[in-house]
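Remarks on the overall topology
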Amino acid sequence: MEHSEWLAETTGGDSARTIAKKSGVPDRTVLNQTEKGKFSAENVIKIATGYGKSPVRALVDTDYLDEQWAETVDPITALRQVSEEDLADEVLRRMKLPGTHEEFDTPVDELDARRAAKSNGRGIYPTPDVLPEGYVADSTDTEPEMGDDDYNDGP
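Calculation notes
Residues numbered from 1 in each chain as written. Predicted model: local features only at pLDDT ≥ 70, side-chain atom pairs only at ≥ 80, totals over all residues. Heavy atoms only, no water. Helix = DSSP H or I, 4+ residues; strand = E, 2+ residues; numbered from the N terminus. Buried < 20%, exposed > 50% of the residue type's maximum accessible area, 1.4 Å probe, protein only. Contact = heavy atoms within 4.5 Å. Axes fitted to C-alpha atoms, helices over the stretch in contact; angles between N-to-C directions. Parallel < 35°, antiparallel > 145°, perpendicular 65-115°, else oblique. Nonpolar A, V, L, I, M, F, W, Y, C, P; charged D, E, K, R; others polar. Core = buried A, V, L, I, M, F, W, Y, C linked by side-chain atoms within 4.5 Å.

Details of the overall build of the protein chain
The number of helices and strands found in the protein chain is 10 helices and 0 strands. From first element to last, N terminus to C terminus, the protein chain shows the α and β order α-α-α-α-α-α-α-α-α-α. Per-residue burial over the protein chain gives 16% buried out of 155 residues. Partitioning the contacts of the protein chain with sequence separation of at least 6, the portion at a separation of at least 24 is 36%.

Here you go:
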């Protein structure tokens with residue numbers, strides 16, 4: 001949508017002075033950007049907010065933001081806004097869905113055997129080269145002895 005068209009729809013054709021008062025954008029800036037036919041993203045947000053409109057919708061309408069981002073909810077942000085009770089209810093609802101959780105319908109021994117087969121019998125990691133460094137055992141044969149720099153016999 002053209003910025004001038006967006007501005008007319010959003011403000012109902014108000015004057016530059018009225019737009020400036022409602023949005024906090026200086027009159028001269030409103031006039032300059034109206035003449036150029038292009039408002040900065042910051043001013044689109046200020047004008048939309050000043051007129052009680054959604055700044056996200058305004059950014060989409062003026063082609064500063066792709067429509068997909070206006071429709072997408074950030075899942076982590078959404079989860080943090082949900083109460084513990086609602087989150088627990090949703091987890092319980094998902095657990096009760098039929099046929100989606102083999103862990104609840106399969107004997108523990110069978111699950112253990114499946115997991116061992118997937119990991120080649122080496123625990124949860126399929127190959128030794130993907131072990132996280134913090135969990136790799138030291139394969140040296142010697143332990144520090146009294147007098148060594150690494151020796152510590154307690155407090």
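Structural notes on unusual backbone geometry
At Asp63, a position not held by glycine, the phi torsion is positive, near 65 degrees. Among the secondary structure elements, Asp63 is positioned in the loop between α5 (55-61) and α6 (67-71).

So, the side chain of Asn43
Examined against the element boundaries, Asn43 turns out to sit in helix α4 (residues 41-50). If sequence neighbours within four positions are ignored, Asn43 has contacts with Val25, Thr29 and Gln33.

Some points on the packing of helix α2 (residues 16-23) against α4
With their axes 8 Å apart at the nearest point, α2 and α4 run at an angle of 85 degrees to one another. Between α2 and α4, the angle is such that the two are roughly perpendicular. Side by side, α2 and α4 meet where Ile19, Lys22 and Ser23 of the first sit next to Lys46, Ile47 and Gly50 of the second. The residue inventory of the contact of α2 with α4, partitioned by class, reads 2 nonpolar, 2 polar and 2 charged.

Looking at the nonpolar core
Formed by 14 residues in total, the largest nonpolar core has its most connected members in Trp6, Leu7, Ile19, Val30, Val44 and Ile47. When residues of this core are traced back to their parent elements, those giving at least two are α1 (3-11), α2, α4 and α5. Look past the residues within four positions of Leu7 in its chain and what remains in contact with it is Gly12, Ile19, Thr34, Phe39 and Ile47.

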